[in-house]
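A closer look at the structure
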Amino acid sequence: MSGNNHQYAFFLGCIAPNRYPGIEAAAIQTSKNVGIDLLPLKGASCCPAPGAFGSIDLNVWYAMAARNLVLAEQMKMDIALVCNGCYKSIWEVNHKLKHNDELRDGVNEVLKEIDMEFKGTIDVWHLAELYYDPKVVGVKKIADSVKRPLTGSKVAVHYGCHLMKPGKERHFGDTENPMWMEELVAALGAEPVQYRNKMQCCGAGGGVRGYDITHALDITNEKLINLQEVGADALTEVCPFCQLQYDRGQIEIQDKFGVSWGLPVLHYNELLGLAQGMSPDELALDLHAVDVEPFLKKIL
Amino acid sequence: MAEDKYKEARIGVFLCHCGTNIAGTIDIDAVREYAKTIPNVVVVDNYAYMCSTPGQNKIADAIKEQNLTGIVVAACTPRLHEPTFRNATAAGGLNPFRFEMANIRDQNSWVHMHQPEEATEKAKDAVRIAVAKASLLEDLIPKSVPVEKTAMVVGGGVGGMQAALDLADAGIKTYLVEKSPTIGGRMSQLDKTFPTLDCSQCILTPKMVDVYRNKNIELLTYTEVEAVEGYIGNFDVTLRKKARGVLTPAEAEARGIVGGGCTGCGDCAEVCPVIKPNPFELGMAPRKAIYIYHPQVSPLIYTVDFDSCVKCGLCVESCGDKKAIDLDAKDELITVKVGTAILALGYDIYPIEKKFEWGYKNYDNVITSLEFERLICASGPTGGHLIRPSDGETPKRIAFVLCAGSRDNTDTGKPYCSRFCCMYSLKHAHQIIEKIPGAVPYIFYMDIRSFGKMYEEFYYRIQNEGAKFIRGRVANITEDPVTKNLHVNAEDTLLGRPIDMEVDMVVLAAAIQPSAETEKTRRLFGVSCSQDGWLLEAHPKLNPCGTTTAGVYLAGVCQGPKDIPDTVAQAEGAASAASIPIHKGEVELEPYFAVCLEDKCAGCGMCVYQCPYSALSLVEKDGRTVMHVTEAKCKGCGTCGGFCPGGAIWMQHFASPQIVAQIDAFLLGGEQ
Amino acid sequence: MAVKKDYKDQKLAEKLRDRKYYIPDSNPEFLKEVEKIGQTPAHMCYQCGTCTGSCPSAPRSSYRIRLFMRKAVLGLEEEALTDPDLWLCTTCYSCTDRCPRDLAPTDAIMAMRNLAFKRDIVPRNFLQTVQLIYKSGHGVPNNDANRAARKKLGLDEEPETTHKYPEYLPGIQKILDHYKLKENADRILAEGA
Ligand SMILES: Cc1cc2nc3c(=O)[nH]c(=O)nc-3n(C[C@H](O)[C@H](O)[C@H](O)COP(=O)(O)OP(=O)(O)OC[C@H]3O[C@@H](n4cnc5c(N)ncnc54)[C@H](O)[C@@H]3O)c2cc1C
Ligand code: SF4
Ligand code: SF4
Ligand code: SF4
Ligand code: SF4
């Protein structure tokens with residue numbers, strides 16, 4: 001741990017640590033390489049899942065997310081995380097409670113029962129935005145950290161919904177045709193490719209994946225058609241839940257619709273890990289449902 | 001000042017029933033009985049309609065019979081009937097400013113309809129307060145100022161041109177100030193005009209020539225308003241004549257160049273090596289550093305764009321003996337005096353690229369309606385052939401996106417309806433059906449607002465010609481990266497089905513907004529604007545051409561979106577309104593201005609900076625420095641009067657003792 | 001209220017059911033509740049369809065977000081809350097980003113789902129997530145295969161969450177119990193089984 005590094009409490013969520021642990025390992029290692037230390041946020045829980053909890057009772061969603069926020073407040077540290085769903089819960093509840101006294105009082109009423117109080121003393125960040133922000137890391141530093149450029153590969157970006165939308169509450173600017181993640185991809189030496197309806201949802205959110213899996217997969221499939229059209233070698237995203245939907249989803253699409261794509265799907269941290277020289281084993285890429293090998297062949 | 005020629009106040013109070021408007025809620029008898037007990041009140045009367053002739057007669061008669069010194073009418077609002085009752089007061093032989101109104105209708109019976117008792121009590125308070133003021137009112141004499149017999153119109157679009165022509169035809173010398181090198185405005189960029197489909201240039205060009213030729217119009221193109229001083233009847237307007245670099249024949253003659261000056265031959269532009277996009281063609285065609293917007297410009301004088309001119313001198317050479325070009329020209333400031341002014345500043349197209357979802361400036365084949373006008377116009381950059389910017393092909397399937405940025409309450413849109421985009425989109429649909437065999441216009445709309453004369457009939461006609469109407473606002477547009485075709489996504493709300501429509505071209509009926517310099521110019525003239533930036537009329541219904549600044553009027557879109565017929569109608573209205581003070585020769589100013597009590601004034605001058613209308617100055621008088629009020633500029637706002645530490649400023653009709661008496665009357669409930 | 005025809009034949013009764021909108025069909029409180037929970041003035045919707053045109057769920061189903069907005073405005077509570085399409089919103093927020101009236105249709109849907117839940121209308125998978133979190137703190141908990149993979153990566157078998165620090169679980173359970181969430185989830189799942 002170097003003295004000058006930025007330090008954040010690392011909010012893990014569920015899917016990264018419990019289904020794609022390579023993302024967790026990669027996030028810690030790749031961040032360290034660009035000057036960010038991710039420290040354990042002990043006792044954190046599910047963010048909780050914004051689709052499921054928000055749909056049932058928004059008040060529970062606020063309170064549960066607030067508990068996670070208080071853990072970081074107690075560490076006196078901003079939160080960094082790697083999942084858009086977590087961002088929706090943790091960032092948005094933090095934002096709402098900071099700006100809405102009535103909500104905050106209601107939540108603190110409940111937190112009192114477990115000797116906690118939401119104070120609103122920290123901020124919440126997605127690692128991707130920290131990577132892009134020149135005040136923290138910046139595209140140049142990302143590029144400088146690359147040891148094995150991903151030259152020769154075409155990588156498409158799925159931004160996901162809950163990081164940047166609803167745009168009026170967030171701070172990312174253009175939500176219709178953003179390009180900042182493409183810059184992060186280009187920094188790794190890959191060629192970012194554009195495809196139709198880039199900003200469309202993966203299909204999994206809002207509980208739809210669990211409620212009506214074929215509906216969710218049909219949305220995913222539409223995006224895979226558009227990705228196929230432009231010949232992407234891999235899709236990258238910054239949300240393990242989107243990753244699950246695209247990665248396992250392709251197997252399910254094969255099962256249910258008889259359509260196969262074979263498009264490798266990698267979290268940006270996994271991609272960054274590869275570019276910084278981590279081996280596929282160090283990233284547990286073998287846990288991916290869709291074989292990543294064809295992509296690795298392009299770049300190794 | 002406060003000294004009174006009347007020994008004691010004798011007040012008459014008149015209560016109006018306003019039919020049942022007031023009497024239906026307020027107990028008039030109770031108020032009448034109460035009013036009799038108020039000090040100074042000598043007569044109390046009531047009537048069904050005080051504003052009627054019998055009602056007014058009651059006032060005049062009572063003044064004569066009872067030797068009254070002040071009148072209180074408890075009725076509607078001063079806005080509606082103050083002039084009426086002032087006249088009645090004067091008819092009784094009293095100075096009309098000895099009248100005070102108590103509003104017991106709009107601010108009482110109408111809002112407290114369900115609390116008659118409280119309303120009655122409130123009416124008693126209002127009458128008592130009015131009596132307190134009426135007891136201290138003084139005679140005031142309105143001042144007259146002479147009016148300069150010239151006018152100015154700022155903005156040379158169709159609105160400004162019409163206003164200038166009307167003023168000039170009424171015999172008034174008029175300065176027409178236009179910031180660009182030619183008059184004509186947006187209308188000269190249009191191809192045809194709805195609903196009659198006459199050619200825009202054909203009906204506009206004669207007007208432009210008329211303006212140029214009219215002896216009473218002094219046309220000042222390439223000129224901007226720099227400063228405005230003065231008040232109605234006597235505005236001193238400083239104008240910046242921007243360096244044009246080309247002399248008119250008259251200017252040439254003044255410099256002793258006989259037979260010289262620009263003839264509009266264009267030899268200079270031929271040789272000019274600098275190529276720039278022509279803003280008139282919205283950047284779709286080139287121009288040189290020495291240029292005209294289009295062949296019909298008025299005046300037909302070339303202009304040098306000094307920002308891009310490289311001063312090679314080739315044009316000077318080619319101009320030859322006409323010696324029209326002066327590459328060392330500098331901006332020139334001139335000041336003119338005018339009696340009244342009309343603002344006709346027009347509009348700009350909203351930067352619709354801010355609506356990222358429609359991809360304007362990102363997708364080649366998404367254009368705005370104004371660009372469409374230029375592309376479909378025979379004198380436009382493509383000679384009237386509508387083509388796709390991506391490949392020059394003729395589009396067959398064209399989607400029109402209505403309400404693009406209008407009726408939009410987000411921070412990337414405008415909340416209002418832009419009012420002419422429905423109609424011009426119908427026109428555009430007609431134009432492509434007429435010009436391109438097999439072309440189909442798809443109009444995505446929320447409502448078709450075809451409210452004008454023969455407009456709904458025009459809608460019927462276009463529908464009959466085969467335009468397809470889809471009731472749904474466009475959600476987003478995506479581009480096929482290979483064909484550059486566009487996919488328009490929306491819901492057909494009548495079918496209740498989402499649509500993905502592949503088209504060759506999309507035309508955005510972009511919202512409009514006040515033109516770039518409207519804000520600056522309106523401030524110079526002291527004109528207010530509404531929240532959305534359009535200039536504010538004096539009254540939305542009863543005074544739509546006037547402003548709250550006396551002597552300044554509005555014409556055309558700068559007051560709010562409107563089409564050509566409405567623009568011209570308002571321009572004629574504004575011209576008429578602007579000519580009235582000039583024809584009268586003098587204007588009466590309400591005597592509500594500040595008066596300096598010179599013996600109390602310390603000459604500190606702090607009030608001078610407080611006054612928002614620059615009405616105050618310091619002058620030397622009898623060896624002392626005292627404040628001086630330019631009465632015509634003072635609006636009686638009271639800022640200075642409330643501020644003066646020495647109490648040396650007397651606000652006529654709203655003097656401190658009068659206001660204090662009103663407050664006392666309210667707080668003390670009538671007890672002295 | 002819809003005309004009651006008392007036809008004996010159930011099929012015919014359904015086929016010929018009165019489909020008119022009557023004022024008593026509507027519950028004006030419904031709109032108020034949707035607006036309060038969703039924190040969006042749904043009554044300002046002018047039915048432009050931008051939302052449906054943006055919606056990834058619309059092209060593949062009968063789900064029309066615009067119609068849910070309409071039902072909220074008209075107070076058609078019963079129709080809105082019992083419609084299975086209510087659960088097809090992926091909460092992608094495209095509609096919210098583009099709504100020209102600056103509304104948040106997504107949040108109106110969330111509010112309607114909250115109201116449906118109060119009537120025990122909720123898909124089972126949502127409740128199963130509640131149960132999992134009550135038990136482990138995670139909606140997607142750890143498993144043996146994953147533990148092995150974590151170990152290979154040099155990570156602790158259990159992540160630094162409630163998995164590694166189960167002493168945090170009672171706090172979570174207290175919050176869920178405060179809202180009787182677990183209790184209701186168990187009950188509804190049992191009733192449905
Ligand atoms: C695509 C399109 C199609 C249209 N089609 C039709 C149609 O078919 N029929 C119809 O009736 N209407 C149509 N309109 C509307 C029409 O353009 C307007 O009604 C009309 O131009 C309004 O005239 P105006 O004089 O108020 O403003 P403008 O035409 O905008 O003129 C304003 C003038 O003032 C000048 N100016 C601005 N600010 C200053 C300043 N500070 N100092 C000096 N000068 C200044 C400008 O340079 C300009 O010359 C259409 C509009 C658009 C966008
Ligand atoms: S400036 Fe001279 S050359 Fe140019 S158009 Fe005028 S007269 Fe002709
Ligand atoms: S005129 Fe028609 S297209 Fe233009 S803003 Fe109004 S309704 Fe929309
Ligand atoms: S986009 Fe907004 S205004 Fe339009 S139908 Fe949907 S909710 Fe209503
Ligand atoms: S948030 Fe829901 S309703 Fe809105 S567009 Fe996305 S899926 Fe459709």
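Values in this document were obtained by computation on a predicted structure and should not be read as measured data.

**Things to note about the overall build of chain B**
- Each helix and strand in chain B was counted, giving 19 helices and 34 strands.
- C-alpha atoms of chain B, sized along the principal axes, occupy 90 × 75 × 40 Å.
- Counted over contacts in chain B with a minimum sequence separation of 6, partners at least 24 positions apart contribute 69%.
- Looking at chain B as shown, the accessible area adds up to about 29,100 Å², and 52% of this sits on carbon and sulfur atoms.

**Focus on the overall build of chain C**
- On a plain count of helices and strands, chain C comes out with 11 helices and zero strands.
- Mapped from its N terminus to its C terminus, chain C presents α and β elements in the order α-α-α-α-α-α-α-α-α-α-α.
- Computed over the C-alpha atoms, the radius of gyration of chain C is 22 Å, more than 25% above the 16 Å expected from 2.2 N^0.38 for a compact globule of 193 residues.
- Along the three orthogonal principal directions, the C-alpha set of chain C runs to about 65 × 45 × 30 Å.
- Looking at chain C as a whole, 55% of its 193 residues qualify as buried.
- Considering only intrachain contacts with a sequence separation of at least 6, the fraction spanning at least 24 residues in chain C is 61%.
- On chain C, roughly 9,200 Å² of surface is accessible, and the fraction owed to carbon and sulfur atoms is 55%.
- Of the charged side chains in chain C, 31 are positive and 27 negative, and the gap between their average positions amounts to 5 Å.

**Structural notes on the packing of helix α7 (residues 158-169) of chain B against helix α16 (residues 564-584) of chain B**
All names here are of chain B.
- Packing of α7 against α16 brings their axes to within 8 Å, and their N-to-C directions diverge by 35°. Here the hand of the crossing between α7 and α16 comes out right-handed. Residues V158, G159, Q162, A163, D166 and L167 of α7 lie in contact with α16, whose contacting residues are I564, T567, V568, A571, E572, A575, A578 and S579.
- Of the residues in the contact of α7 with α16, the class split is eight nonpolar, four polar and two charged.

**Focus: the site of ligand 1**
Residue and element names in this part refer to chain B.
- Close contacts around ligand 1 come from 38 residues, with E178, Y347, K427, K562 and I564 the closest.
- R186 places a polar main-chain atom, nitrogen or oxygen, 2.8 Å from an oxygen atom of ligand 1.
- A distance of 2.8 Å separates an oxygen atom of ligand 1 from a polar side-chain atom of K427.
- For ligand 1, the accessible surface in isolation is 1,000 Å², of which the surrounding protein chains cover 97%.
- Listed by contribution, the elements that provide at least two residues to the shell around ligand 1 are α7, β8 (192-193), β19 (347-349), α12 (369-376), α13 (421-435) and α16.
- The residue inventory of the shell around ligand 1, partitioned by class, reads 16 nonpolar, 13 polar and nine charged.

**Concerning the interface of chain C and chain B**
- The interface of chain C with chain B comprises 17 residues on the first partner and 19 residues on the second.
- Carbon and sulfur atoms make up 48% of the surface buried where chain C meets chain B, a total of about 1,400 Å² over both sides.
- Contact with chain B buries surface across chain C, with Y46(C), R98(C) and P100(C) losing the most and accounting together for 34% of the total.
- Counting across the chain C and chain B interface gives one salt bridge.
- The interface formed by chain C and chain B includes 10 residue pairs in polar contact (both at pLDDT 80 or more).

**A few points about the domain arrangement of chain C**
- Taken domain by domain, chain C comprises domain 1 (20-118) and domain 2 (124-192).
- Each of domain 1 of chain C and domain 2 of chain C was reduced to a C-alpha centroid, and the two centroids are 31 Å apart.

**So, the confidence of the model for chain C**
- For chain C, per-residue confidence averages 96 on the pLDDT scale, and residues scoring 70 or more make up 100% of the total.
- Reported for the predicted complex are a pTM of 0.89 and an ipTM of 0.94.

**Thoughts on the site of ligand 5**
- In the vicinity of ligand 5, the contacting residues are C55(C), P56(C), Y63(C), I65(C), C89(C), T90(C), T91(C), C92(C), Y93(C), C95(C) and T106(C).
- Of the residues in the shell around ligand 5, the class split is eight nonpolar, three polar and no charged.

**A closer look at the domain arrangement of chain B**
- Each domain of chain B was delimited in the assignment, giving domain 1 (3-142), domain 2 (150-242 + 335-346 + 515-584), domain 3 (249-330), domain 4 (349-513) and domain 5 (594-651).
- The gap between the C-alpha centroids of domain 3 of chain B and domain 5 of chain B is 52 Å.

**As for helix α19 (residues 656-667) of chain B**
Residue and element names in this part refer to chain B.
- Counted at 1.5 Å a residue, the expected span for α19 with its 12 residues is 16 Å, and the 16 Å between its end C-alpha atoms agrees.
- Listed in full, the buried residues belonging to α19 are Q658, A661, Q662 and A665. All buried residues of α19 lie within an arc of 100° about the axis, which places them on one face of the element.
- Turning to α19, the residues buried within the fold contact β4 (99-103) and α6 (116-134).
- One or two residues past the end of α19 sits G669, with phi positive at roughly 60°.

**A closer look at the interface of chain A and chain C**
- With 71 residues of chain A at the interface, the matching set in chain C holds 60 residues.
- Note on chain A versus chain C: buried area summed over both sides is about 5,400 Å², and carbon and sulfur give 62% of it.
- Of all residues in chain A, the largest losses of buried area upon contact with chain C belong to N18(A), I56(A) and Y211(A), amounting jointly to 13% of the total for that side.
- Where chain A touches chain C, the interface holds six salt bridges.

**Quick notes on the sheet that holds strand β2 (residues 41-47) of chain B**
All names here are of chain B.
- Strands sit in the order β2-β1-β3-β4 across an open sheet of four strands; the sheet is parallel. In the strand order of this sheet, the two ends are held by β2 and β4, each with one partner. Here the strands of the sheet are splayed against their neighbours by 20° on average, with no regard to which way each runs.
- Here strand β1 (residues 11-16) runs beside β2; their pairing, made up of six bridges, is parallel. When the bridges of β2 are listed, G12 appears paired with V43.
- In this fold helix α4 (residues 78-91) packs onto β3 (70-75) and β4, with an angle of close to 145° to the strand it touches most, β4.

**Some words on the state of the cysteines**
- On inspection of all chains with the given rule, the structure shows one disulfide over all chains.
- Among the cysteines around C242(A), which has no disulfide bond, C239(A) carries the closest sulfur, lying 3.7 Å off.
- With no disulfide partner, C640(B) has as its closest neighbouring cysteine sulfur the one in C634(B), 6.1 Å distant.

**Details of the packing of aromatic side chains**
- Within the structure shown, the criterion is met by 22 aromatic pairs over all chains.
- Ring centres of Y131(A) and Y268(A) lie 6.3 Å apart, and the angle between their planes is 50°; on these two criteria the pair is classed as tilted. With Y131(A) in helix α7 (residues 127-132) and Y268(A) in helix α13 (residues 268-275), this residue pair connects regions lying 137 residues apart in the sequence. Y268(A) shares its class with Y131(A); the two are buried.
- Where W87(C) meets F126(C), the ring centres are 5.2 Å apart and the plane angle is 65°; that geometry is what we call edge-to-face. With a gap of 39 residues between them, W87(C) in the loop between α5 (77-81) and α6 (94-98) and F126(C) in helix α8 (residues 124-136) connect regions that are remote in the sequence.

**A short note on the environment of Y21(C)**
- Positionally, Y21(C) belongs in the loop between α1 (10-15) and α2 (28-38).
- Sequence-wise, Y21(C) and A2(C) are 19 residues apart; in three dimensions their C-alpha atoms are separated by 7.7 Å.

**Topic: the environment of P166(C)**
- Residue position: P166(C) is located in the loop between α9 (144-152) and α10 (169-178).
- Sequence separation between P166(C) and G137(C) is 29 residues, and the spatial gap between their C-alpha atoms is 8.5 Å.

**Brief notes about α12(B)**
Residue and element names in this part refer to chain B.
- In terms of burial, α12 is a largely internal element, eight of the eight residues being buried.
- Taken together, the buried positions of α12 are occupied by S369, L370, E371, F372, E373, R374, L375 and I376.
- Residues of α12 that are buried in the fold lie against β8, β19, β20 (366-368), β21 (397-404), α13 and β27 (505-510).

**Describing the pairing of strand β7 (residues 234-237) of chain A**
Residues and elements named next belong to chain A.
- Every second residue of β7 is oriented toward a common face, with A234 and T236 on one face and L235 and E237 on the other, all of them buried.
- Sheet analysis places β7 next to strand β8 (residues 265-267), joined by three bridges and oriented parallel. By the bridge assignment for β8, E237 is matched with H267.
- Taken together, β7, helix α12 (residues 240-257) and β8 form a β-α-β motif whose crossover is right-handed.

**Considering the confidence of the model for chain B**
- When pLDDT is averaged along chain B, the result is 95, and 99% of the positions lie at 70 or above.
- When the criterion is pLDDT under 50, residues 1-5 of chain B qualifies, and its contacts beyond four places in sequence or with other chains add up to nine contacts.

Calculation notes
- Residues numbered from 1 in each chain as written.
- Chains lettered and ligands numbered in written order.
- Predicted model: local features only at pLDDT ≥ 70, side-chain atom pairs only at ≥ 80, totals over all residues.
- Heavy atoms only, no water.
- Helix = DSSP H or I, 4+ residues; strand = E, 2+ residues; numbered from the N terminus.
- Contact = heavy atoms within 4.5 Å.
- Areas by Shrake-Rupley, 256 points an atom, 1.4 Å probe, with all protein chains shown as cover.
- Rg over C-alpha atoms; globule rule 2.2 N^0.38 Å.
- Buried < 20%, exposed > 50% of the residue type's maximum accessible area, 1.4 Å probe, protein only.
- Lys, Arg positive; Asp, Glu negative; His and termini not counted.
- Charge placed at Lys NZ, Arg CZ, Asp CG, Glu CD.
- Axes fitted to C-alpha atoms, helices over the stretch in contact; angles between N-to-C directions.
- Left-handed = near helix turned anticlockwise from the far one by under 90°.
- Nonpolar A, V, L, I, M, F, W, Y, C, P; charged D, E, K, R; others polar.
- Near = heavy atom within 4 Å.
- Polar contact = N/O pair within 3.5 Å; in protein donor to acceptor, adjacent residues only side chain to side chain.
- Buried area = accessible area lost by both parts, 1.4 Å probe.
- Salt bridge = Lys/Arg side-chain N within 4 Å of Asp/Glu carboxyl O.
- Domains from an automatic or database assignment.
- pLDDT = per-residue confidence, 0-100.
- Expected span 1.5 Å × (residues − 1).
- Arc of directions from axis to C-beta.
- Pairing = 2+ DSSP bridges.
- Disulfide = S-S within 2.5 Å.
- Phe/Tyr/Trp six-rings, centres within 6.5 Å; stacked < 30°, edge-to-face > 60°.
- Right-handed = clockwise from strand over helix to strand, strands pointing away.

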